Amino acid sequence: KVFFEADNGRGLFLDLKELALWLHKNDKLNSAAEIKKEFKKMDVNMDAKVTLLEAIENSWDRASQDEYRSNFILKNGEMDLEKLNGEELPRIDSEGHPSEAHHIQNSYKIFIIADADKDGGLSWEEFVVYMRPEDFPETLLLASGQEHHFHDEDKDGNISMEEFGEYYHDNVIIPELIPEKVRKPEDMFAKCDSDNDGFMSYAESDACTKGYFSVNHWEPDSLMEEADTNKDGKLSVEEII
C-alpha cells in the first residue's frame, strides 16, 4: 500500500523524485506528531499550557539555559525584560559563532507573540506557532535567517549570488524537484531577490528556501543509494521491502 501510494507514475518502480515527494508528505505528518510529543514533555504540571519557564527547562539545551541565567536574569531573580524586548542582539558572537543571546531573545519574542491570549502559557494551538514560527506570518520575520546565516560567509547580513550559488550546489541533488524556470541558481537568485538590490536578505533567503527547497533532497538520495541494489536509479517493491 505504501509503495503504490508513492508510485505516482504507476510504473511499479519509484524514481528519485517520487521518493522525495513521498518522504516530504510523511515528514509533515511526523512533524505534527513530534510537536504533540514536545507539548506533552514540556507541560510538566499537565495543565494543558506550556509556560516560558517550562519551555526553557525542558527544551533548551544546557548552553542556552546557562546563557539565559547569566545574561537575562536580574539580581532580583526577575527576567531582564528591557534586554529581551530591546533592539535585536547580534546574530554572530565575537568568535564568529551563532549567538546564544540572539537565539534566546528571538525565542522569547516568538513566545510572546505565540501567546495570543497573553495568559503566560501556550495552549496547543499557540504552541504550534512557537514550535514552527517560520510557518506563520506573525513570527516569520523573527524566524528568518536562522538557518541561512550559516551561508553568509562574510557575515554582512546578506546572501550574495556567490554565497547562494554554493548553497544551491550543495543542496540541489534532484533538479526535477525545482521548477524549470528557476532551475539555474542565477535564475532562482534573481527571482528571490525581491527588491532587486543584488543581494538576498535573510528574510528573502528564508522565503526562497521555503518556496523552492521545501522538499528534502538529501534523504531520498541517501536512501536510493542504499536500497537501489541493482543501481538502475529506481526502487522496486522488493528493494523497498
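So, here is what we can say about the structure in this document. (Residues numbered from 1 in each chain as written. Predicted model: local features only at pLDDT ≥ 70, side-chain atom pairs only at ≥ 80, totals over all residues. Heavy atoms only, no water.)

### Concerning the overall build of the protein chain
Then comes step 1: Assigned secondary structure in the protein chain consists of 13 helices and 4 strands.
Then comes step 2: In the protein chain, which comprises 241 residues, the proportion classed as buried is 39%.
Then comes step 3: Counting contacts in the protein chain only where the partners sit at least 6 residues apart, residues at least 24 apart contribute 54% of the total. (Helix = DSSP H or I, 4+ residues; strand = E, 2+ residues; numbered from the N terminus. Buried < 20%, exposed > 50% of the residue type's maximum accessible area, 1.4 Å probe, protein only. Contact = heavy atoms within 4.5 Å.)

### Some words on unusual backbone geometry
Then comes step 1: Located in the positive-phi region is Met 46, a residue other than glycine, with phi close to 55 degrees.
Then comes step 2: Position of Met 46 among the secondary structure elements: in the loop between α2 (16–42) and β1 (50–51).
Then comes step 3: For Asn 196, which is not glycine, the phi dihedral falls at a positive 55 degrees.
Then comes step 4: Under the relative-accessibility criterion, Asn 196 is labelled exposed at 62%.

### Observations concerning the nonpolar core
Then comes step 1: Counting 23 residues, the largest nonpolar core has Val 50, Leu 122, Phe 127 and Tyr 130 as the members making the most contacts within it.
Then comes step 2: Listed by contribution, the elements that provide at least two residues to this core are α2, α3 (52–59), α6 (100–114) and α7 (124–131).
Then comes step 3: Top contributing element to this core by residue count: α6, with 6 residues.
Then comes step 4: Residue contacts for Tyr 130: discarding those within four places in its chain leaves Ala 55, Trp 60, Ser 107, Ile 110, Phe 111, Ala 114 and Leu 122.
Then comes step 5: Among the nonpolar cores identified, the runner-up in size contains 15 residues, and Tyr 167, Ile 178, Tyr 202 and Tyr 212 belong to it. (Core = buried A, V, L, I, M, F, W, Y, C linked by side-chain atoms within 4.5 Å.)

### Section: the packing of aromatic side chains
Then comes step 1: Evaluation of the coordinates by the stated rule reveals 8 aromatic pairs.
Then comes step 2: The interplanar angle of 40 degrees and the centroid separation of 6.3 Å between the aromatic rings of Phe 127 and Tyr 130 together place this pair among those described as tilted. With Phe 127 and Tyr 130 both in helix α7 and 3 residues apart, this pair spans about one turn of that helix.
Then comes step 3: Taking 5.8 Å as the distance between ring centres and 55 degrees as the angle between the ring planes, the aromatic pair formed by Phe 164 and Phe 189 counts as tilted. Of this pair, Phe 164 sits in helix α9 (residues 161–171) while Phe 189 is found in helix α10 (residues 185–192), placing the two residues 25 residues apart along the sequence.
Then comes step 4: Exposure remark for Phe 189: the relative accessible area of 7% places this residue in the buried category. (Phe/Tyr/Trp six-rings, centres within 6.5 Å; stacked < 30°, edge-to-face > 60°.)

### Considering a negative patch on the surface
Then comes step 1: A surface patch of negative charge is lined by Glu 153, Asp 154, Asp 156, Glu 162, Glu 166 and Asp 170.
Then comes step 2: Among the structural elements, Glu 153 can be located in the loop between α8 (140–143) and β3 (158–159).
Then comes step 3: When its relative accessible area of 52% is taken as the criterion, Glu 153 is described as exposed. (Patch = residues over 30% accessible without salt bridge, like charges linked within 9 Å, V, L, I, M, F, W, Y side chains within 5 Å. Areas by Shrake-Rupley, 256 points an atom, 1.4 Å probe, with all protein chains shown as cover. Salt bridge = Lys/Arg side-chain N within 4 Å of Asp/Glu carboxyl O. Lys, Arg positive; Asp, Glu negative; His and termini not counted. Charge placed at Lys NZ, Arg CZ, Asp CG, Glu CD.)

### Examining the environment of Ile 92
Then comes step 1: Within the element layout of this structure, Ile 92 appears in the loop between α5 (81–84) and α6.
Then comes step 2: Look at Ile 92 and you get partly exposed, because its relative accessible area is 22%.
Then comes step 3: As for Ile 92 and His 102, which are separated by 10 residues in sequence, their C-alpha atoms are 8.1 Å apart.

### Thoughts on the side chain of Glu 163
Then comes step 1: Relative to the assigned elements, Glu 163 resides in helix α9.
Then comes step 2: Overall, Glu 163 belongs to the buried group, its relative accessible area being 8%.
Then comes step 3: Of the polar contacts made by the side chain of Glu 163, one reaches the backbone nitrogen of Ser 160; its length is 2.9 Å.
Then comes step 4: When neighbours within four sequence positions are excluded, Glu 163 is seen to be in contact with His 151, Asp 152, Glu 153, Asp 154 and Asn 158. (Polar contact = N/O pair within 3.5 Å; in protein donor to acceptor, adjacent residues only side chain to side chain.)

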